[in-house]
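# A closer look at the structure
Listed below, chain by chain, are the residues.
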Amino acid sequence: MTVGDTTSGAGAEPPSDSSVHATPHHEVDHTAEPTDDPLAIRLEQLILGADRRYTPFQAARTAGVSMDLASRFWRAMGFADIGQAKALTEADVLALRRLSGLVEAGLLSEPMAIQVARSTGQTTARLAEWQIDSFLEGLTEPPEPGMTRTEVTYPLIELLLPELEEFLVYVWRRQLAAATGRVVQAADDEEMVDRRLAVGFADLVGFTRLTRRLEEEELGELVESFETTCADLVAAHGGRLIKTLGDEVLFAADDAGTASEIALRLVEAMTLDETMPALRVGIAFGTVTTRMGDVFGTTVNLASRLTSIAPKDAVLVDGAFAKELTRTGDAPVSEARAAEEAAAAKESADGEEPTPVPKYRYGLQPMWQRPVRGLGIVEPWLLARRGTS
């Protein structure tokens with residue numbers, strides 16, 4: 001389902017928020033034109049729950065929205081121009097009314113409403129593509145000789161649609177509750193937008209060589225296994241998976257201790273999996289700008305650079321991260337200091353009040369300072385586990 005723009009011409013950029021771009025991983029490219037195929041139309045009616053009734057101009061007029069604003073909303077959701085074909089439904093009109101109503105009520109500014117449309121479109125577009133490519137494609141294999149896939153698709157979607165819709169809303173509400181909780185716990189209003197986070201990249205070593213050696217299906221299975229393992233470990237240990245880039249994942253955590261555990265668990269998991277290449281991880285701690293589910297800023301760039309220079313099967317962190325880890329007591333200031341503390345505790349073991357031995361979870365080893373392109377001189381630290389967690 002796509003729309004046209006009679007005011008600015010097909011393919012024109014949205015004028016009010018042209019500076020807002022998603023990362024290449026999240027770009028949406030919905031270029032399908034409305035089809036006249038009978039089965040495709042039946043499936044569209046089943047999924048949308050309504051018949052085609054309006055051209056883009058008619059839909060905008062019925063919703064009480066200018067054609068210019070309607071086009072910007074639709075493009076933000078990832079829908080290409082279709083001129084004035086009659087391809088829109090009552091649901092499209094209602095969506096326009098809701099978005100424009102939020103603007104008219106003063107709950108959202110117009111640029112913010114367009115961002116809402118864009119972020120929702122980008123997220124759900126990837127979900128829909130995955131479900132069709134990986135999920136429905138496998139389930140719609142004809143169960144009996146002579147049956148076509150199209151004969152199986154319609155009843156299958158009819159059964160799955162309400163269940164998947166309910167599940168989608170459930171997960172969204174859960175994620176919204178978690179995100180809202182993080183925001184309201186921020187120290188001040190400024191921290192709600194520019195927050196101090198630990199940001200890490202985990203990158204498969206030698207992935208380019210693998211793409212030349214493996215068959216496409218094998219490569220797809222490896223990437224899926226890598227992404228699944230990373231997503232599970234990041235979530236299980238309290239982090240957030242920001243995005244996946246095939247051979248690389250970007251994650252964030254509210255504190256250095258959580259990020260350390262995630263990074264080391266990732267390396268350990270990949271080391272145990274003989275089918276996986278070596279992994280390297282880089283983490284930085286500092287102020288991060290969050291927007292549309294992504295993270296930006298110098299801290300993110302530094303984490304990326306650290307990843308590129310990290311040794312195989314190792315975790316490299318920046319000085320701010322190391323300082324934060326020692327501040328919270330998760331790592332000693334130095335191994336010499338840790339040894340002194342252990343010796344002092346041993347000497348006082350016979351006293352009435354023995355000195356407790358600090359239980360550090362992680363160790364930090366300073367590496368050689370080096371220039372990092374665009375970021376100046378950086379002093380990386382090698383992160384390792386100390387004892388058992």
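Scroll up to find the structure this text is about.
Remember, it's a predicted structure, so these values are computed and weren't measured experimentally.

Buried together is how nonpolar side chains tend to be arranged in soluble globular proteins. Counting residues in each nonpolar core, the largest one holds 39 residues, and the members touching the most others are Leu279, Val281, Ile283, Val315 and Phe321. By residue number, the principal contributor to this core is helix 10 (residues 256-272), which donates eight residues. When sequence neighbours within four positions are dropped, the list of residues in contact with Ile283 reads Ala198, Val199, Gly200, Ala259, Ala263, Ala303, Leu306, Val315, Leu316, Val317, Asp318 and Phe321. If you look at the next biggest cluster of nonpolar residues, it comprises 20 residues, including Ala59, Val65, Phe79 and Leu99.

This next bit is on the pattern of salt bridges. If the charged atoms of two oppositely charged side chains come close together, the side chains can form a pair. Within the structure shown, the criterion is met by 13 salt bridges. Residues Arg75 and Asp81 are paired through a salt bridge, measuring 3.3 Å at the closest nitrogen-oxygen approach. Here Asp81 falls in the buried class, since its relative accessible area comes to 18%. Taking the shortest distance from any N to any O, the salt bridge between Asp203 and Arg280 comes out at 3.0 Å. Taken as a pair, Asp203 in strand 1 (residues 194-204) and Arg280 in strand 4 (residues 279-291) lie far apart in primary sequence, 77 residues in all. Taking the relative accessible area as the measure of exposure, Asp203 reaches 9% and is therefore buried. Under the relative-accessibility criterion, Arg280 is labelled partly exposed at 21%. Put simply, Glu261, Arg265, Glu268 and Arg385 are held in one network by salt bridges that share partners.

Its place among the elements puts Thr299 in helix 11 (residues 298-309). Excluding its chain neighbours within four sequence positions, the residues that come into contact with Thr299 are Leu197, Val199, Ala284, Phe285, Gly286, Thr287 and Val288.

To continue, consider a negative patch on the surface. A contiguous patch of negative charge on the surface is contributed by Glu215, Glu216, Glu217, Glu218, Glu221 and Glu224. Positionally, Glu215 belongs in the loop between helix 8 (207-213) and helix 9 (216-236). Residue classification places Glu215 among the exposed residues on the basis of a relative accessible area of 56%.

What counts, and where the lines are drawn
All chains use their own residue numbering, which begins from 1 and follows the written sequence. The model is predicted, so local features are restricted to residues of pLDDT at least 70 and side-chain atom pairs to those at 80 or more, both for listing and for counting; the totals for chains, interfaces and linings are taken over all residues. To get the side-chain values, take all heavy atoms of the structure and skip hydrogens and water. Definition of nonpolar core: a set of buried residues of the types Ala, Val, Leu, Ile, Met, Phe, Trp, Tyr and Cys, connected through side-chain atoms within 4.5 Å. For every residue, the accessible area (1.4 Å probe, protein chains only) is compared with the maximum for its type, and the residue is labelled buried under 20%, exposed over 50%, or partly exposed between those bounds. Here a strand is any run of E in DSSP of at least two residues, a helix any run of H or I of at least four, and the numbering for each starts at the N terminus. The contact criterion used is simple: two residues touch if any of their non-hydrogen atoms lie within 4.5 Å. Any Lys or Arg side-chain nitrogen located within 4 Å of an Asp or Glu carboxyl oxygen qualifies as a salt bridge. For patches, a residue must show more than 30% relative accessible area and have no salt bridge; joins then use 9 Å for like charges and 5 Å for nonpolar side chains, namely Val, Leu, Ile, Met, Phe, Trp and Tyr. Every accessible area reported is derived by Shrake-Rupley at a probe size of 1.4 Å, with residue values counting cover from the shown protein chains alone. Working convention for charge: Lys and Arg count positive, Asp and Glu count negative, and His plus the chain ends are omitted. For charged residues, the charge sits on one atom: NZ in Lys, CZ in Arg, CG in Asp, CD in Glu.

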